[in-house]
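Coordinates in review
Take a look at the letters that make up each chain.
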There are 2 protein chains.
Amino acid sequence: MSDQTDHSAKGWRPHGVVIGLNAVVVSVQDETPHVLVVDRSRTPTVDDADTIYGLPFGPFDPETHRTLEIGLRTWVGEQTSLDLGYVEQLYTFGDRGRDAFGASDEAHIISVGYLALTEQASKLHNPDSVWHKWYRYFPWEDWREQSPNIIAEAIQPALRQWADDAPDPGQKTQRWERACMCFGFDQGEWDAEKVLERYELLYEARLVAEFARDRNQPVTTDPPLGEAMTSDHRRILATAMGRLRSKLKYRPVVFELMPSTFTLLHLQQTVEAILGIRLHKQNFRRLVEKEGLVEGTGKISTRTGGRPAEEFRFRSEVLTERPAPGVRVRTIAR
Amino acid sequence: MSDQTDHSAKGWRPHGVVIGLNAVVVSVQDETPHVLVVDRSRTPTVDDADTIYGLPFGPFDPETHRTLEIGLRTWVGEQTSLDLGYVEQLYTFGDRGRDAFGASDEAHIISVGYLALTEQASKLHNPDSVWHKWYRYFPWEDWREQSPNIIAEAIQPALRQWADDAPDPGQKTQRWERACMCFGFDQGEWDAEKVLERYELLYEARLVAEFARDRNQPVTTDPPLGEAMTSDHRRILATAMGRLRSKLKYRPVVFELMPSTFTLLHLQQTVEAILGIRLHKQNFRRLVEKEGLVEGTGKISTRTGGRPAEEFRFRSEVLTERPAPGVRVRTIAR
DNA sequence: CACCTTTATGCTCATTATGAGTATATATAG
DNA sequence: CTATATATACTCATAATGAGCATAAAGGTG
């Protein structure tokens, strides 16, 4: 098809804007959330240190696809052979690589980010795309075992420093309060959903590699806080993580990540993997049963460990019933 | 600096896509939510029946504005002299006017919708833009007095008919269940947040004028269900209403719509206006006080009516405190 | 086999949160 | 003064939540 359609007749000059579609494709394997990434190294590298990954990314062609979401599903399907089940639009990023491009007059890119959930790790067609644990990019987000070391060892002191470096006293306080709100310092609470707020704080405090890269400056922290991604993809991933963590609680989206039958422990571990926190087992069971989210199949799972558990399935009827609930996991237990 | 982005090298051609920015600007006056609309009649009309309104809409020029949001704030400011406080991105619509334009090969428009909240009705510069009550477009969404007549009189029978018209029995059931979930028929509950679901249902059931207009067919209902808007603007407004109703409950956004001091009744009426339902007064007070959302100023309001009320102000500190709460208004009272 | 480990499941209990009122205070209109 | 509003303070029954205890049912081990 012709790609040079002339639209100038309309009066508006298209400023060479290109619509890109970004997908954050999530699956949970081995109690760990994974995200689909693509090797974006400029040259094939042997050394892993030079490898940099980004999210799958494709153009939106309005000639071919009627809607943005159809376009997304199509090219993700083509490139990875994945059949995306649940797809949700996240955010449209217009300021991508603002300074990253310097004064370049390349085509401006508006990228529409999507969150997609898929069960298990199907085999991937494209050898370029691989599953990575998402905590590789956000090591401070996993509180399942304990408060992540990187927080006490690197993040807290660095943010303390950043606050102290503020020009005036009022700003010092403000900065520190913001750090406390994000990371729960000073007996504050950890709020699992604030993934984006935390990333943006670290970015502003110049603690992530992307900041330095975007303006050609040296990185502040060594070792860097989590692995960088191309462009603003880590920010998009943060948006996706936050959205998913939040959505879990009021919509039954976990089940998009589960096989058709599962034990309650399996379900709980999936939720915990995403939220990055541990939950109280008995109360979790009480909750999902009371909400009518699952029903037993009668079959008993054959597993290792202790007493065999019953297998459950998702009661998809809840979707048509009242205000569809989610796994409203309140505060944690231990 | 080498950009990490590989897009330009990929040989993508911009397909002449134009980015439009849509703003749903909301304010609450006289216990009624209002939205800023613009007269989009093709020709100046004397007859009000021919007038059709749409949301304020402007192009995004990446040359001038660094981010989408800055672009939005700028042209809204220019056109209406309004200073938008709170601004939140809603959704990016890519399938705008799919069939509306027929097989025209006009430039494709991607529109990014924004929700903006502003206090009171400032005077508007542009005479084209006016404030309309938002229930003018969604008369079935206002349950403050009672279940809206239009539901029992027009919507329920029409949806019943639509369900019965389904080709096979399974679909009949499905359609009716969907109608019940949306509108709470058959002793289901009314969920104020499902504004978009309801609009889309009415659209699919061919009950709103936009459906007919989009495919050049006669409208099914007479009188029409609520007033139509240009393009897909009523859908964007529905998205905004749903988002605002939902956000109210977990973020203190109401205060963006309030003057600096207010009585608790005023606050409650604002919340009720947006949610379209009534709340229990004593419990509302208990809630906002317990959450620490407001603090008394000591001043007493001089008003008509009964006993004078204390004036309160928003405790903006809560924003920096723990997981910022909202007006978690649960079910209604009466 | 007795016994320990491990996970599953059932049940209790104290606290809070929520929904719905009752009761009292303090204005204004007649 | 009385009726009528609205404001504000409390009460109370129920439901939801956070934390545990207790028991069941598997496998492994000396």
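Remarks on the domain arrangement of chain A
Residues and elements named next belong to chain A. Looking at the assigned domains, one finds that chain A contains domain 1 (17-136), domain 2 (144-226) and domain 3 (248-333). Contact with domain 1, which involves 14 residues of that partner, is made by 11 residues of domain 3. Ranking the residues of domain 1 by area buried against domain 3 places Val 28, Glu 31 and Glu 119 at the top, with a combined share of 46%. Linking domain 1 with domain 3 are 0 salt bridges, by the criterion used here. The tally of links from domain 1 across to domain 3 stands at 4 residue pairs in polar contact (both at pLDDT 80 or more). Of all the secondary structure elements, the ones that give two or more residues to the side of domain 1 that touches domain 3 are strand 1 (18-29) and strand 2 (32-39). Considering every element that reaches the side of domain 1 that touches domain 3, the biggest residue donor is strand 1, with 3 residues. Here the residues of the side of domain 1 that touches domain 3 sort into 7 nonpolar, 5 polar and 2 charged.

Concerning the sheet that holds strand 10 (residues 310-314) of chain A
Residues and elements named next belong to chain A. Read from one edge to the other, the open sheet built from 3 strands follows the order 8-10-9, with strand pairing classed as antiparallel. Edge positions in the open sheet fall to strand 8 (261-262) and strand 9 (294-300), since each of these has one partner strand only. Sheet topology places strand 9 next to strand 10; 4 bridges connect them, and they run antiparallel. Residue pairing in the sheet places Glu 295 in a bridge with Arg 313 of strand 10.

Describing the confidence of the model for chain A
All names here are of chain A. Summarising the model, chain A shows a mean pLDDT of 84, and 84% of its residues fall at 70 or more. Note on residues 1-15: pLDDT is under 50 here. Beyond four places in sequence and across chains, it has 26 contacts. In the model, residues 98-105 has pLDDT below 50 throughout and makes 11 contacts with residues more than four positions away in sequence or in other chains.

Quick notes on the pattern of salt bridges
A side chain with one charge can pair with a side chain of the opposite charge if their charged atoms come near. Residue and element names in this part refer to chain A. Applying the stated criterion to the full structure yields 38 salt bridges over all chains. Salt-bridge contacts for Arg 235 lead to Glu 200; the nearest nitrogen and oxygen are separated by 3.2 Å. Of the two residues, Arg 235 is situated in helix 6 (residues 233-247) and Glu 200 in helix 4 (residues 195-204); the sequence distance between them amounts to 35 residues. Here Arg 285 makes a salt bridge to Glu 289, at a shortest N to O gap of 3.5 Å. Linking Arg 285 with Glu 289, this pair stays in helix 8 (residues 281-290), spanning 4 residues, or about one helical turn. Classification of Arg 285 by relative accessible area gives partly exposed; the value is 39%. What emerges from the salt-bridge pattern is a single network uniting Glu 88, Arg 243 and Lys 247.

What about helix 3 (residues 169-183) of chain B?
Residues and elements named next belong to chain B. Between its first and last C-alpha atoms helix 3 spans 21 Å; for 15 residues at 1.5 Å apiece the expected length is 21 Å, and the two agree. Taken as a whole, helix 3 has its buried residues at Trp 176, Ala 179, Cys 180, Cys 182 and Phe 183. Residues of helix 3 that are buried in the fold lie against helix 2 (149-164) and helix 4 (195-204). Of the residues that open helix 3, the one with a side-chain oxygen 3.1 Å from the backbone nitrogen of Gly 170 is Asp 168.

A word on the packing of aromatic side chains
All names here are of chain A. Inspection of the entire model under this criterion finds 24 aromatic pairs over all chains. Measuring from centroid to centroid gives 5.5 Å for Phe 138 and Trp 140, while their planes differ by 80°, and the two rings are edge-to-face. We note that Phe 138, like Trp 140, is buried. Among the aromatic residues, those joined into a cluster by ring pairs are Phe 138, Trp 140, Tyr 199, Tyr 203 and Phe 211. The ring of Phe 138 is capped by Arg 234, whose NZ or CZ atom sits 5.9 Å from the centre of that ring.

Definitions and limits used
Residues numbered from 1 in each chain as written. Chains lettered and ligands numbered in written order. Predicted model: local features only at pLDDT ≥ 70, side-chain atom pairs only at ≥ 80, totals over all residues. Heavy atoms only, no water. Domains from an automatic or database assignment. Contact = heavy atoms within 4.5 Å. Buried area = accessible area lost by both parts, 1.4 Å probe. Salt bridge = Lys/Arg side-chain N within 4 Å of Asp/Glu carboxyl O. Polar contact = N/O pair within 3.5 Å; in protein donor to acceptor, adjacent residues only side chain to side chain. Helix = DSSP H or I, 4+ residues; strand = E, 2+ residues; numbered from the N terminus. Nonpolar A, V, L, I, M, F, W, Y, C, P; charged D, E, K, R; others polar. Pairing = 2+ DSSP bridges. pLDDT = per-residue confidence, 0-100. Buried < 20%, exposed > 50% of the residue type's maximum accessible area, 1.4 Å probe, protein only. Expected span 1.5 Å × (residues − 1). Phe/Tyr/Trp six-rings, centres within 6.5 Å; stacked < 30°, edge-to-face > 60°. Lys NZ or Arg CZ within 6 Å of the ring centre and 35° of its normal.

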